Amino acid sequence: MPTPSMEDYIEQIYMLIEDKGYARVSDIAENLQVHPSSVTKMVQKLDRDQYLNYEKYRGLILTAKGKKIGKRLVYRHELLEQFLNIIGVDKENIYDDVEGIEHHLSWNSIDRIGDLVQFFEQNENCVEGLRKVQQANEEQTKE
């Protein structure tokens, strides 16, 4: 299994390829806010571990293994954003919170969160009930 750092790179590469059709070292560096030399080192490691194929000055492509993991990592990230939104986390906190927790949850936990998100989507009245509880708690805190 890839390390959390490797996961961040695979996820970013997957998203860039999905959005633009390619992923350049400079784009990866910019999106992850790291130096291009750090990206090059990680890309070489991901190449050795068969998550992608990298040719210096020519670019990179994800292997089937890399695509599979990339897709799952993007799913995890989007699912956690969706979950935090449903439970009422302030929008300005969601991205940082997801970045903080996504590598620390088992896939079993992710699957259960997926079940819960699906439940909330199918039962809007439960989300409304949750919002009422949150409002009441906020009003109590103000008193």
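Residues numbered from 1 in each chain as written. Predicted model: local features only at pLDDT ≥ 70, side-chain atom pairs only at ≥ 80, totals over all residues. Heavy atoms only, no water.

An unreviewed UniProt entry lists the protein chain under the name HTH-type transcriptional regulator MntR, from Pontibacillus marinus BH030004 = DSM 16465. Regarding the protein chain, the UniProt comment filed under Subunit (unreviewed entry) reads as follows: "Homodimer." According to UniProt, the comment filed for the protein chain under the heading Function (unreviewed entry) is "Central regulator of manganese homeostasis." (UniProt positions renumbered as here; feature names shortened; annotations may be inferred.)

Draft legend 1. Geometry of the UniProt feature "domain: HTH dtxR-type" (unreviewed entry) in the protein chain. When the UniProt feature table is mapped onto this chain, "domain: HTH dtxR-type" (unreviewed entry) is found at residues 1-63. Between the end C-alpha atoms of residues 1-63 there is a gap of 15 Å, over a span that is 60% helix and 13% strand. (Helix = DSSP H or I, 4+ residues; strand = E, 2+ residues; numbered from the N terminus.)

Draft legend 2. Structural detail: the packing of aromatic side chains. This model, assessed by the stated rule, comprises 1 aromatic pair. Here lysine 65 stacks its cationic end above the ring of tyrosine 51, 4.3 Å away from the centre of that ring. (Phe/Tyr/Trp six-rings, centres within 6.5 Å; stacked < 30°, edge-to-face > 60°. Lys NZ or Arg CZ within 6 Å of the ring centre and 35° of its normal.)

Draft legend 3. How the structure looks around the packing of helix α2 (residues 25-32) against helix α3 (residues 36-48). At a minimum axis distance of 9 Å, the contact between α2 and α3 shows a crossing angle of 110 degrees. On the basis of their axis angle, the class for α2 and α3 is roughly perpendicular. Crossing hand, α2 versus α3: right-handed. Residues Val25, Ile28 and Ala29 of α2 touch α3, and the partners they reach there are Pro36, Val39 and Thr40. (Axes fitted to C-alpha atoms, helices over the stretch in contact; angles between N-to-C directions. Parallel < 35°, antiparallel > 145°, perpendicular 65-115°, else oblique. Left-handed = near helix turned anticlockwise from the far one by under 90°. Contact = heavy atoms within 4.5 Å.)

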